[in-house]
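Understanding the architecture of this molecule
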Amino acid sequence: MANVLVNEGGIEDYVVLCAAVLHDTVEDTETTADELETHFGPAITGVVLEVTDDKSLDKEVRKRLQVEHAPNLSREAKLVKLADKICNVQDILTSPPEDWSAERKQLYLDWAAAVVDGMRGVHPGLEALFDSLNGGVKIFPVKSSDW
């Protein structure tokens, strides 16, 4: 993600870049927000927490909340979230999980587009990169109500 932000987006803000590297730390490890803040400070921790899902919630609720919250994220968090979606879509298109059906891949692509749509205007260049990856890709027809 940091590579995408720097090389595709020209982002040099160390808070954004550090938060990109650490974005899943609280969500996917035993690391606490307090530990992050001790080691990386409140600015980086704040961005990481903005993009962290509450794993105590059902997956479908977390996905809906990402779409709903995307427009309200800080600029820094939007950049991290946008880079995350770019990287995830690249992975889905080039090396998807073997057990994912075409329908599941399409559901992810459609959902990612809905999240990105809520962040439009934060970085037109990165948004164009996302669109070039995700635009017009239809693996399997689905409705937005499916995700």
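The structure under discussion appears in the preceding block.
In this report, we go over the structure that sits alongside the text. Note that the structure is a prediction, hence the values are computed from the model and not measured.

Scoring rules and cut-offs
Residues numbered from 1 in each chain as written. Predicted model: local features only at pLDDT ≥ 70, side-chain atom pairs only at ≥ 80, totals over all residues. Heavy atoms only, no water. Helix = DSSP H or I, 4+ residues; strand = E, 2+ residues; numbered from the N terminus. Rg over C-alpha atoms; globule rule 2.2 N^0.38 Å. Buried < 20%, exposed > 50% of the residue type's maximum accessible area, 1.4 Å probe, protein only. Contact = heavy atoms within 4.5 Å. Areas by Shrake-Rupley, 256 points an atom, 1.4 Å probe, with all protein chains shown as cover. Lys, Arg positive; Asp, Glu negative; His and termini not counted. Charge placed at Lys NZ, Arg CZ, Asp CG, Glu CD. Expected span 1.5 Å × (residues − 1). Core = buried A, V, L, I, M, F, W, Y, C linked by side-chain atoms within 4.5 Å. Arc of directions from axis to C-beta. Axes fitted to C-alpha atoms, helices over the stretch in contact; angles between N-to-C directions. Parallel < 35°, antiparallel > 145°, perpendicular 65-115°, else oblique. Nonpolar A, V, L, I, M, F, W, Y, C, P; charged D, E, K, R; others polar. Polar contact = N/O pair within 3.5 Å; in protein donor to acceptor, adjacent residues only side chain to side chain.

Next up on the list: the overall build of the chain. For the chain, the count of helices and strands is 8 helices and 0 strands. Relative to the 2.2 N^0.38 estimate, which gives 15 Å for 147 residues, the radius of gyration of the chain is 15 Å and therefore close to what a compact globule would have. With respect to the three principal axes, the spread of C-alpha positions in the chain is 45 × 35 × 30 Å. Classification of the 147 residues of the chain by burial places 44% in the buried group. For the chain, the proportion of contacts with a sequence separation of at least 24, taken over those separated by at least 6, is 67%. For the chain, the exposed area adds up to about 7700 Å²; of that, 51% sits on carbon and sulfur atoms. With 14 positive and 27 negative side-chain charges, the chain shows a separation of 7 Å between the mean positions of the two kinds.

A separate point is helix 4 (residues 33-50). Spacing of three or four residues puts side chains on the same side of an α-helix, whose turn is 3.6 residues. Across its 18 residues, helix 4 extends only 11 Å between first and last C-alpha, which sits more than 12% below the 26 Å expected from 1.5 Å per residue. Inspection of helix 4 places Leu36, Gly41, Ile44, Thr45, Val47 and Val48 among the buried residues, and these make up the whole buried set. Where helix 4 is buried, its residues touch helix 2 (14-22), helix 3 (25-28) and helix 6 (75-94).

Core analysis: the biggest nonpolar cluster contains 40 residues, and Leu5, Val80, Leu82, Ile86 and Phe130 have the highest contact counts within it. Looking at this core, the elements that each hand over two or more residues are helix 1 (2-8), helix 2, helix 4, helix 6, helix 7 (102-117) and helix 8 (124-134). Of the residues forming this core, the biggest block, 9 residues, is contributed by helix 6. With residues up to four places along the chain from it excluded, the contact list for Ile86 reads Val4, Leu126, Leu129, Phe130 and Leu133.

Moving on: helix 8. Within helix 8, the full set of buried residues consists of Leu126, Glu127, Leu129, Phe130, Leu133 and Asn134. The arc that holds every buried residue of helix 8, seen down its axis, measures 155 degrees, which confines them to one face. Those residues of helix 8 that are exposed and angled more than 90 degrees off the buried face are Pro124 and Ser132.

For the pair helix 2 and helix 4, interaxial distance at closest approach is 9 Å and the crossing angle is 100 degrees. Classified by the angle between their axes, helix 2 and helix 4 sit roughly perpendicular to one another. Together, Tyr14, Val15, Cys18, Ala19 and Leu22 of helix 2 and Leu36, Phe40, Ala43, Ile44, Val47 and Val48 of helix 4 make up the contact between the two elements. Partitioning the contact of helix 2 with helix 4 into residue classes produces 11 nonpolar, no polar and no charged.

The next thing to look at is the side chain of Thr45. For Thr45, the location among the structural elements is in helix 4. Look at Thr45 and you get buried, because its relative accessible area is 3%. Within polar-contact distance, the side chain of Thr45 engages the backbone nitrogen of Glu37 at 3.1 Å.

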